[in-house]
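Structure assessment
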Amino acid sequence: MKWFKHFLDIIYPRTCEACGEALLGGENLICTNCMIDLPRTNSHIQRLDKVSNRFWGKIPVTDTITFMKFSKKGKVQKLLHELKYRNKPEVGKYLGKIYGVDLKAVDFDKKIDLIIGVPLHPTKLVQRGYNQADCIAEGLSEALNVPYDTNAVKRLTHTPTQTKKSRIERFQNVDNIFEVVDNEKVRNKRIAIVDDVLTTGSTIESLGITLLNAEVKEVCVITIAAAF
């Protein structure tokens, strides 16, 4: 099987999702050089105020952590573009699993009971074919050995883009757009809300409010990247 895999790599070379260079035999999706160069924040180890304070005074969250710093035209943007727009759900799961291993090392799994990806509206889900946040949640779940749920919450409204909206307009755009499907799935649970990128946080804030109103015990936020 190893021989056959190497043969396929010659005929159909696998390339790094971050830089486009050919992957070596033991590499998966991201080459070693890019893996080393990823702009990790280590916010799970040392508090990063630019991320941790994103929801201060808005909703009570126990932790807000992010795997990497987002920058335009950088490798993180390339990875997330592959995930969201190039039909590469495996990229989301892989990134979630990598970050999950980091979080497991600091016993983050002991702080949460359930992982929930920010839901897509059914129309958007049909268009894309998958929810990128659920892919990340699956990878995190596998590494942390904490369950994830794709059906506990649903999105009621297909919201227009947040680009060029003010802070108030962004929140109004996502106000009351989520609904808990089954309160018993989340009641008294410590929930980790998962998304690909944290920008203003308006959508996550709205989901957090919905979950807190459903009597969850605690809410934390985990993203693959954050703009700051």
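The notes below deal with the structure included here. (Residues numbered from 1 in each chain as written. Predicted model: local features only at pLDDT ≥ 70, side-chain atom pairs only at ≥ 80, totals over all residues. Heavy atoms only, no water.)

1. Looking at the side chain of Thr 223
Following the sequence through the fold, Thr 223 ends up in strand β6 (residues 218-226). For Thr 223, a relative accessible area of 0% gives the class buried. (Helix = DSSP H or I, 4+ residues; strand = E, 2+ residues; numbered from the N terminus. Buried < 20%, exposed > 50% of the residue type's maximum accessible area, 1.4 Å probe, protein only.)

2. Things to note about the pairing of strand β2 (residues 114-117)
Side chains Leu 114 and Ile 116 of β2 all project onto a buried face; the interleaved residues Ile 115 and Gly 117 project onto the opposite face, where all are buried too. Here β2 pairs with strand β5 (residues 190-198) via 4 bridges, running parallel. Considered in β5, the bridge of Ile 116 is made with Ile 193. (Pairing = 2+ DSSP bridges.)

3. Brief notes about the pattern of salt bridges
A complete count under the given rule lists 18 salt bridges for this structure. One salt bridge connects Asp 196 with Lys 84, and the closest N-O pair in it is separated by 3.3 Å. One end of the pair, Asp 196, is in strand β5; the other, Lys 84, is in helix α4 (residues 75-85), with 112 residues separating them in the sequence. Residue class for Asp 196 comes out buried when judged on its relative accessible area of 5%. (Salt bridge = Lys/Arg side-chain N within 4 Å of Asp/Glu carboxyl O.)

4. Brief notes about the packing of helix α5 (residues 89-105) against helix α7 (residues 132-144)
Interhelical geometry of α5 versus α7 gives an angle of 35 degrees and a closest axis separation of 6 Å. Note that α5 runs across α7; the crossing there is right-handed. Between α5, through Pro 89, Gly 92, Lys 93, Gly 96, Lys 97, Tyr 99, Gly 100, Val 101, Leu 103 and Lys 104, and α7, the contact on the second element is made entirely by Cys 135, Ile 136, Glu 138, Gly 139, Leu 140, Glu 142, Ala 143 and Leu 144. Class assignment of the residues belonging to the contact of α5 with α7 gives a composition of 9 nonpolar, 4 polar and 5 charged. (Axes fitted to C-alpha atoms, helices over the stretch in contact; angles between N-to-C directions. Left-handed = near helix turned anticlockwise from the far one by under 90°. Contact = heavy atoms within 4.5 Å. Nonpolar A, V, L, I, M, F, W, Y, C, P; charged D, E, K, R; others polar.)

5. Some thoughts on the sheet that holds strand β1 (residues 64-69)
The pairing of strands in a sheet comes from backbone hydrogen bonds and takes either a parallel or an antiparallel form. Taken together, 4 strands build an open sheet; the order of strands is β1-β6-β5-β2 and the sheet is parallel. The sheet is open, and its two borders are formed by β1 and β2, each paired with just one other strand. Direction aside, the axes of adjacent strands within the sheet are offset by 20 degrees on average. The sheet strands contacting helix α10 (residues 202-213) are β2, β5 and β6, and the helix crosses β5 at an angle near 170 degrees.

6. Structural notes on the nonpolar core
The biggest cluster of nonpolar side chains holds 39 residues, and the ones touching the most others in it are Ile 115, Leu 140 and Ile 222. Breaking this core down by element, the ones donating at least two residues are α2 (32-37), β1, α4, α5, α7, β5 and β6. If we ignore the near neighbours within four places in the chain, the residues touching Leu 140 are Gly 96, Lys 97, Tyr 99, Gly 100, Leu 103, Ile 115, Asn 145, Val 194 and Ile 222. Formed by 23 residues, the second largest nonpolar core is a distinct cluster that contains Ile 116, Val 153, Phe 178 and Val 216. (Core = buried A, V, L, I, M, F, W, Y, C linked by side-chain atoms within 4.5 Å.)

7. Things to note about the side chain of Asn 131
Turning to its location among the elements, Asn 131 is positioned in the loop between α6 (122-128) and α7. For Asn 131, a relative accessible area of 5% gives the class buried. A polar atom in the side chain of Asn 131 sits 3.0 Å from the backbone nitrogen of Ala 133. Excluding residues that lie within four positions of it along the chain, Asn 131 makes contacts with Val 118, Pro 119, Leu 120 and Leu 125. (Polar contact = N/O pair within 3.5 Å; in protein donor to acceptor, adjacent residues only side chain to side chain.)

8. Some thoughts on the environment of Cys 135
Of note, Cys 135 is situated in helix α7. Under the relative-accessibility criterion, Cys 135 is labelled buried at 10%. For the pair Cys 135 and Tyr 94, spaced 41 residues apart in the sequence, the C-alpha separation amounts to 8.5 Å. If near-sequence neighbours (up to four positions away) are discounted, Cys 135 is found in contact with Pro 89, Gly 92, Lys 93 and Tyr 130.

Read these as geometric descriptors, not functional statements.
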